[in-house]
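Observations on the three-dimensional arrangement
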Amino acid sequence: MRILRSSIAFLLLCLVTHNSGAQSADIRADIAGRWVINDELSDNTDDQVEEAIEAGGGKGGRSLFNRREDFYRGGPPEHELYDRISYDDVLEIQFFDPEFTFRYEDGFQRIFHTDGRRRRVSANSFYTEGGEDWSEGLFEDNSLVVEARPRDGGFTIEIYTLEAEGQRLRIEMTIQPDSFREPIELVRYFDRAG
């Protein structure tokens, strides 16, 4: 009887260990690759933008008859980072510790680091060269947390986690353009491209 109990306990321990390892891929090792949007699981970006506009006291611009896809995409140039992270359907990620390169559609890319390096900007360079998008990241609880400061003076917080044994990328975003009173809350899912 004691051998049977020990065998059952060992099998349960192996099962729990196997399942926990199968569900959570290592974000550092497995986030690199080419990712394609999963529209079925992802929030509709236009719906979330409109919700934030209305929560801030504004009136959304879409009507029941005007449900064009990517309706809110394409604001001023300083909003390009917001558009890329919330609308682009393909994301390519490269990681060479501590540097990330995120490539979006149309050749747009952002490079950031996870080693805590600081940004150096003077007031003079801001006015002569214009603002730049800035991102930085850190690993926390098997997630990649990215904070960005787009050119308009707003911010984003993006939390990247892997699901489905590393085959699905979940991105939870809080997007706060400087011109919005309320943030856009958005979750997007991407599947690993073969």
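Below, the structure is looked at part by part. Remember, predicted model here, so these are calculated numbers, not experimental data.

Rules used throughout
Residues numbered from 1 in each chain as written. Predicted model: local features only at pLDDT ≥ 70, side-chain atom pairs only at ≥ 80, totals over all residues. Heavy atoms only, no water. Helix = DSSP H or I, 4+ residues; strand = E, 2+ residues; numbered from the N terminus. Buried < 20%, exposed > 50% of the residue type's maximum accessible area, 1.4 Å probe, protein only. Contact = heavy atoms within 4.5 Å. Salt bridge = Lys/Arg side-chain N within 4 Å of Asp/Glu carboxyl O. Phe/Tyr/Trp six-rings, centres within 6.5 Å; stacked < 30°, edge-to-face > 60°. Polar contact = N/O pair within 3.5 Å; in protein donor to acceptor, adjacent residues only side chain to side chain. 1 Å grid on protein atoms, 1.4 Å probe; cavity = no way out; pocket = protein on both sides within 12 Å on 5 of 7 lines; lining within 4 Å. Points joined across faces, edges and corners; volume = space filled by probe spheres on them. Nonpolar A, V, L, I, M, F, W, Y, C, P; charged D, E, K, R; others polar. Pairing = 2+ DSSP bridges.

Some details on the overall build of the protein
Each helix and strand counted, the protein has five helices and nine strands in total. Going residue by residue from the N terminus, the α and β elements of the protein occur as α-α-β-α-α-β-β-β-α-β-β-β-β-β. For the protein, the residues scored as buried account for 36% of the 194 residues in total. In the protein, the share of contacts with a sequence separation of at least 24, taken over all contacts with a separation of at least 6, comes to 50%.

Overview of the environment of Gln176
One can find Gln176 in strand β8 (residues 168-176). According to the relative accessible area criterion, Gln176 is buried, its value standing at 13%. In the structure, Gln176 is positioned 27 residues away from Arg149 in sequence and 9.6 Å away in space, judged by C-alpha atoms. Setting aside residues no more than four positions away along its own chain, Gln176 makes contact with Tyr82, Gly154, Phe155, Arg181, Glu182 and Pro183.

A short note on the pattern of salt bridges
Inspection of the entire model under this criterion finds eleven salt bridges. Across the salt bridge formed by Glu80 and Arg151, the nearest N and O atoms sit 3.4 Å from each other. On the criterion of sequence distance, the pair formed by Glu80 in helix α4 (residues 80-87) and Arg151 in the loop between β6 (143-149) and β7 (155-163) is long-range, its members being 71 residues apart. Judged by its relative accessible area of 27%, Arg151 falls in the partly exposed class.

With respect to the packing of aromatic side chains
Summed over the entire model, instances satisfying the criterion amount to nine aromatic pairs. Ring plane angle 65° and centroid distance 5.6 Å describe the contact between Phe95 and Phe139, whose orientation is recorded as edge-to-face. Placement of the pair is Phe95 in strand β2 (residues 90-96) and Phe139 in strand β5 (residues 134-140), with a sequence separation of 44 residues. Among the aromatic residues, those joined into a ring-pair cluster are Phe95, Phe100, Phe102, Tyr104, Phe108, Phe112, Phe139 and Tyr160.

Comments concerning helix α3 (residues 45-55)
Among the residues making up α3, those that are buried are Thr45, Asp46, Gln48, Val49, Glu50, Ala52 and Ile53. Buried residues belonging to α3 abut α4 and β9 (184-192). The opening residue of α3 is Asn44, an N-cap whose side-chain oxygen sits 3.0 Å from the backbone nitrogen of Asp46. One or two steps after α3, the chain reaches Gly57, where phi turns positive at roughly 95°.

Here's the deal with empty space enclosed by the protein
Under the criterion given, the structure shown has one cavity of 30 Å³ or more. In this structure, the largest cavity spans a volume of roughly 50 Å³. Residue lining of the largest cavity: Arg84, Ile85, Asp88, Val90, Leu91, Tyr104, Tyr160, Ile171, Met173, Arg188 and Phe190, and that is the complete set. When contributions to the lining of the largest cavity are tallied by element, the ones reaching two or more residues are α4, β2, β8 and β9. Residue composition of the lining of the largest cavity, by class: eight nonpolar, no polar and three charged.

Looking at α4
Across the eight residues that make up α4, a large majority, seven, are buried. Within the span of α4, buried status applies to Leu81, Tyr82, Asp83, Arg84, Ile85, Ser86 and Tyr87.

Section: the pairing of β2
Of the two faces of β2, only the one carrying Leu91, Ile93 and Phe95 is buried; Val90, Glu92, Gln94 and Phe96 on the other face are not. Where strand β1 (residues 33-37) and β2 come together, four bridges link them in antiparallel fashion. Residue pairing in the sheet places Trp35 in a bridge with Leu91 of β2. In textbook terms, the turn of a hairpin is the stretch between consecutive antiparallel strands, and for β2 and strand β3 (residues 99-103) this stretch comprises two residues.

Remember that the coordinates give geometry; whether it matters functionally is a separate question.
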